[in-house]
Amino acid sequence: MAEQLTGSQVLCRALLEEGVDVLFGYPGGAIMPFYHALPEYPGLRHVLVRHEQAAAHAADGYARASGRPGVCVATSGPGATNLVTGIATAHMDNTPLVAITGQVPRAMIGRDAFQETDIIGITQPITKHSRLVEDVEELAEAVHEVFAVAREGRPGPVLLDVPKDVQNQKTEWNGGTVERGNDQRSHLPSFNRFALAEAARLISRAERPLIMAGHGVILSDAYAELRELAERTGTPVITTLLGISAFPESHPLHLGMPGMHGEVHVNRAIQQADLIVGVGLRFDDRVTGNLAAFARGAKVIHIELDASEIGKNVPVAVGLVGDARAILRELLEALAPRHCDGWRAEIESFVRPRVESFKGGLAPEGILGAIEDASRGRCTVVSDVGQHQMWVAKLFRYQRPNTHITSGGLGTMGFAVPAAMGVVMARPGEPVWAISGDGGFQMNMQEIATMVQERIPVKMAIFNNGYLGMVRQWQQFFHGRRYSATPIWSPDYVALAQAYGIPGWRVEHGAQVDDALRGALDHDGPALIEFLIEQEANVFPMIPPGASLSEPIESEAVTA
Ligand SMILES: Cc1ncc(C[n+]2csc(CCOP(=O)(O)OP(=O)(O)O)c2C)c(N)n1
């Protein structure tokens, strides 16, 4: 005999069928029936955040680290709108995120009911799909549909809006409703064989080739194929901000990060290349600088899952639409071994000694090296947004796949601390560092309470320079040092840690670094370290906004 279930119970069962094991959320009126049902389903661990934005970022971090959709839950109105920044962040970086929101009862929709907001309308431009569930009979199918959309093709966020009375509606449950299909590769678009042959021909003939690897390499798990392509053809590899950790950084073919804060030799190599093989990236403006002057001597082969990206920013000689791993495998079959030793030696000659503006204060380079050593290279690093984000991208040596997580496309301050909670849930037993500036940390530091209550051992590092550093740097270079609204006061972070009952350290000198790191790593729970770094340190080199990759600012001299 069929079981009678409420909509909320159906929702829980459908989530379990999708393989969900953790939800990040916050209750409220319109989602109360769901929270009423939740305790019956211990397989669904709920993490109570302190702000819904953090729920979305935590689900995002979980998804990036696990490769499976992350789930966040909020009530209608303010709960739902608090998710928006997190959904937009996931949208820009192609994270499979499922947001579930309560909605006012169906009869009240459109009447400006208490806590009613049109979250479907609000999130339409920042989701792959958003759906209002109009009857309990469609609920299970709707859950499976949004999960499928979140995962398939180019992943991204989806939203399911469930009116309160639908959550309470009764229905008959006849057992599982789907076979869960995790392998979407069969649905992927196929690519053109002629284009593939042409790509192989261009690669074989190029004298100055480069590979630019983006987030798509990580999303399609194409590490081995990327490495094989580089090694077989002797082609140097550039990793974009979101492509970092797609290729081991100790590898002799690894060059570094391109673009606005990319190394001089990397950008110069791009400007001198005769072929760029772009894999799973979108050539965004932070990567290309002035498009008209970008890699003018290079033909571009663009391997990308989303056909609309091909030719969007950069004209391409060959576009290959599909899954990066599948395409690279095919391409490898058509490629004979070759070398580019002369070209590599030339790029080597472009390398400049690192110019940083550290004047003897605590330098990010030393801190990051020490974090790496103390974690024995086995950690995941989640960065926030700003100067420290660039240092974390450039100075840490990523060896293992998918160990660098950051908000690239939207550049969302406040991302690191909550996203790191999600990463810990996906990778228990491995140190996870949330590295933030003093500005970004203060945007979501309330989540320390979540870590304590839910026992989520994030290791937090704050690079405190007393400024909204990246904006201050722009003011220094482009606004005549007018530091308008960038000096930022901080609380006593060690006392803050104490208030939450977690250990905290303040590090002012190099000699204190190792003890603090050891203490934080040895502690079986969340821990916080404040590093007082040099206040006006800058990130070099820097391509001014709108300039070409050939016009880097390399030192303070320019601002004099
Ligand atoms: C939510 C949000 N608001 C504003 C910005 C603009 N912004 C980019 S970097 C930055 C400064 C970050 O300062 P801090 O967190 O202290 O890091 P630092 O640059 O000093 O390392 C600001 C304000 C942003 N990226 N995100």
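Here the structure is a predicted model, which means the values were calculated and not measured. Counting of residues starts from 1 at the beginning of each chain's written sequence and follows it residue by residue. For a predicted model such as this one, the threshold for reporting local features is a pLDDT of at least 70, and the threshold for listing and counting side-chain atom pairs is 80 or more; totals across whole chains, interfaces and linings nevertheless cover every residue. Processing note: side-chain calculations cover all non-hydrogen atoms of the structure and skip hydrogens and water entirely.

Undergrad: Before we go on, may I ask you to explain the overall build of the chain in this structure?
TA: When helices and strands are tallied, the chain shows 23 helices and 20 strands. Against the globule reference of 24 Å for 560 residues, the chain gives a C-alpha radius of gyration of 24 Å, in line with a compact fold. The buried label goes to any residue with under 20% of its type's maximum accessible area, the exposed label to any with over 50%, and the partly exposed label to all in between, with areas taken from a 1.4 Å probe on protein chains only. Per-residue burial for the chain yields a buried fraction of 60% across its 560 residues. Calculation of accessible area relied on Shrake-Rupley with a 1.4 Å probe; when residues are assessed, cover is drawn exclusively from the protein chains displayed. Approximately 21,600 Å² of the chain is accessible, and the part contributed by carbon and sulfur atoms is 51%. Residues counted as positive are Lys and Arg, residues counted as negative are Asp and Glu, and His and the chain ends are not counted. In plain terms, the charge of a residue is placed at NZ if it is Lys, CZ if Arg, CG if Asp and CD if Glu. Here the chain carries 47 positive and 64 negative side-chain charges, and the mean point of each set is 4 Å from the other. In DSSP terms, a helix is any run of H or I states spanning at least four residues, a strand is any run of E spanning at least two, and both are numbered starting from the N terminus. For the radius of gyration, the atom set is restricted to C-alpha positions; the globular benchmark scales as 2.2 Å times the number of residues to the power 0.38.

Undergrad: In this structure, what is going on with the site of the ligand? I would like to understand it.
TA: Nearness here has a simple test: a residue counts as near a molecule or strand if at least one of its heavy atoms is within 4 Å of that partner. Around the ligand sit 17 residues, and of these Gln387, His388, Gly411, Gly440 and Gly469 come closest. Throughout this description, a polar contact denotes any pair of N or O atoms lying within 3.5 Å of each other; where both atoms belong to protein, one of them has to be capable of donating a hydrogen while the other can accept it, and for residues adjacent in sequence the pair is counted only when both atoms sit in side chains. Residue aspartate 438 places a side-chain N or O atom 3.0 Å away from an oxygen atom belonging to the ligand. At 2.7 Å from an oxygen atom of the ligand is found a main-chain nitrogen or oxygen belonging to glycine 440. Isolated, the ligand exposes 590 Å² of accessible area, and the fraction of that covered by the protein chains is 76%. Elements with a minimum of two residues in the shell around the ligand: α17 (387–395), α19 (438–444) and α21 (469–478). Ranked by residues supplied to the shell around the ligand, first place goes to α19 with four residues. Amino acids outside the nonpolar list (Ala, Val, Leu, Ile, Met, Phe, Trp, Tyr, Cys, Pro) and the charged list (Asp, Glu, Lys, Arg) are all regarded as polar, and Gly is one of them. Residue composition of the shell around the ligand, grouped by class: seven nonpolar, nine polar and one charged.

Undergrad: Would you take a moment to explain the nonpolar core for this structure?
TA: Across soluble globular proteins, nonpolar side chains have a tendency to be buried as a group. Within this scheme, the nonpolar core is defined by two criteria: the residues are buried Ala, Val, Leu, Ile, Met, Phe, Trp, Tyr or Cys, and they are joined through side-chain atoms within 4.5 Å. Core analysis: the largest hydrophobic core is formed by 51 residues, its most contacted members being Phe24, Val382, Phe441, Val458, Met460 and Leu528. It is helix α18 (residues 416–426) that contributes the most residues to this core, eight residues altogether. Core analysis: the second largest hydrophobic core is formed by 35 residues, Ala370, Ile371, Ile435 and Val539 among them.

Undergrad: Got a minute to help me understand the packing of helix α11 (residues 223–233) against helix α14 (residues 324–333) in this structure?
TA: Any two packed helices are characterised by how steeply their axes cross, that is the angle between the axes, and by the distance between the axes. Where helices are involved, their axes are fitted lines through C-alpha atoms of the stretch in contact, as for all axes, and angles between N-to-C directions lie from 0 to 180°. The contact between α11 and α14 brings their axes to 9 Å, and the two run at 30°. By the angle between their directions, the pair α11 and α14 is classed as roughly parallel. The interaxial crossing formed by α11 with α14 has left-handed handedness. Counted together, Glu225, Leu226, Glu228, Leu229 and Arg232 of α11 and Arg325, Leu328, Arg329 and Leu332 of α14 form the full contact between these two elements. Its residues placed into classes, the contact of α11 with α14 shows four nonpolar, no polar and five charged. Here roughly perpendicular refers to angles of 65 to 115 degrees, roughly parallel to angles under 35, roughly antiparallel to angles over 145, and oblique to all remaining angles. When the near helix sits turned anticlockwise from the far one by under a right angle, the crossing is termed left-handed; a clockwise turn instead gives a right-handed crossing. Here a residue-residue contact requires only that any non-hydrogen atoms of the pair lie within 4.5 Å.

Undergrad: Got a minute to help me understand the pairing of strand β8 (residues 170–173) in this structure?
TA: Across a regular strand the side chains alternate sides, sitting on one face of the sheet and then on the other. Only one face of β8 is covered, namely the one carrying Thr171 and Trp173; the face carrying Lys170 and Glu172 has none of its residues buried. Paired strands, in this sense, are two strands between which DSSP finds at least two bridges. Pairing between strand β1 (residues 3–6) and β8: four bridges, direction antiparallel. When the sheet's bridge partners are listed, threonine 6 is paired in β8 with lysine 170.

Undergrad: What am I meant to see in the pattern of salt bridges here?
TA: Between side chains of opposite charge, pairing is possible as soon as their charged atoms come close. We define a salt bridge as a contact between a side-chain nitrogen of Lys or Arg and a carboxyl oxygen of Asp or Glu at a distance within 4 Å. By the definition in use, this model includes 30 salt bridges. A salt bridge links aspartate 93 to arginine 64; its shortest N-O distance comes to 3.1 Å. Here aspartate 93, found in the loop between α5 (84–92) and β5 (97–103), pairs with arginine 64, found in helix α3 (residues 52–66); they are 29 residues apart in sequence, far enough to count as distant. Overall, aspartate 93 belongs to the buried group, its relative accessible area being 0%. For arginine 154, the salt bridge is made with aspartate 306, and the minimal N-O distance between the two is 2.8 Å. Residue arginine 154 is located in the loop between α7 (139–151) and β7 (157–163), and its partner aspartate 306 is located in the loop between β13 (299–304) and β14 (318–321); the two are separated by 152 residues in the primary sequence. On the basis of relative accessibility, which here comes to 22%, the residue aspartate 306 falls in the partly exposed class. When salt bridges that share partners are traced, they join Arg131, Glu138, Glu141 and Glu145 into one network.

Undergrad: Mind showing me how you'd approach the domain arrangement of the chain here?
TA: By a frequent convention, interface size equals the accessible area lost on bringing the separate parts together. If you check the domain split of the chain, you get domain 1 (4–172), domain 2 (193–350) and domain 3 (364–539). Domain 1 and domain 3 are separated by 29 Å when their C-alpha centres are compared. In total, domain 1 and domain 3 occlude about 1,900 Å² of area from one another, counting both sides; carbon and sulfur atoms represent 62% of this. The buried area of a pairing is the accessible area, by a 1.4 Å probe, that goes missing from both parts when the two are put together, added over both. Sorting the residues of domain 1 by area buried against domain 3 places Arg50, Arg64 and Ala65 first, and these three jointly supply 28% of that buried surface. The tally of links from domain 1 across to domain 3 stands at one salt bridge. Arginine 45 is the salt-bridge partner of glutamate 454, the closest N and O atoms lying 3.3 Å from each other. Summed over the shared surface of domain 1 and domain 3, the result is 12 residue pairs in polar contact (both at pLDDT 80 or more). At the level of secondary structure, the elements contributing two or more residues to the side of domain 1 that touches domain 3 comprise β2 (22–25), β3 (45–48), α3 and α5. For the side of domain 1 that touches domain 3, the element with the most residues is α3, which contributes 10 residues. Segmentation into domains, and thus their bounds, comes from an automatic or database assignment.

Undergrad: It is not clear to me how the packing of aromatic side chains should be interpreted in this structure. Could you clarify?
TA: The way to describe two aromatic rings as a pair is by their centre distance and the angle between their planes. Note on aromatic contacts: the rings of Phe and Tyr and the six-membered ring of Trp form a pair at centre separations within 6.5 Å, being stacked when their planes are under 30 degrees apart, edge-to-face when over 60 apart, and tilted otherwise. Under the counting rule described, the total for this entry stands at nine aromatic pairs. Ring centres of tryptophan 474 and phenylalanine 478 lie 5.8 Å apart, and the angle between their planes is 85°; this geometry places the pair in the edge-to-face category. You can see tryptophan 474 and its partner phenylalanine 478 sitting in helix α21, four residues apart, about one turn around the helix. Looking at phenylalanine 478, the relative accessible area reads 31%, which means it is partly exposed. Relative to phenylalanine 540, the ring of phenylalanine 477 lies with its centre 5.8 Å away and its plane at 80°, an arrangement referred to as edge-to-face.

Undergrad: It is not clear to me how the packing of helix α9 (residues 193–205) against α14 should be interpreted in this structure. Could you clarify?
TA: Between α9 and α14, the least distance of the axes is 10 Å, while the angle of their chain directions is 60°. By the angle class used here, α9 and α14 are oblique. Handedness of the crossing formed by α9 with α14: right-handed. Counted together, Arg193, Leu196, Ala199, Ala200 and Ile203 of α9 and Ile327, Glu330 and Leu331 of α14 form the full contact between these two elements.

Undergrad: Could you clarify how one ought to interpret the sheet that holds β7 in this entry?
TA: Working definition: the strands of a sheet are paired by backbone hydrogen bonds and lie parallel or antiparallel to each other. An order of β3-β2-β4-β5-β7-β6 is seen for the six strands of this open sheet, with the pairing classed as parallel. In the strand order of this sheet, the two ends are held by β3 and β6 (129–132), each with one partner. Strand-to-strand twist across the sheet, computed as the mean angle between neighbouring axes with direction ignored, equals 20°. For strand β4 (residues 70–74) and β5, the ladder comprises five bridges, and the chain directions are parallel. When the sheet's bridge partners are listed, glycine 70 is paired in β5 with leucine 97. In the packing of α7 onto the sheet, contacts are made with β4, β5, β6 and β7, and the angle to β7 comes to roughly 165°.

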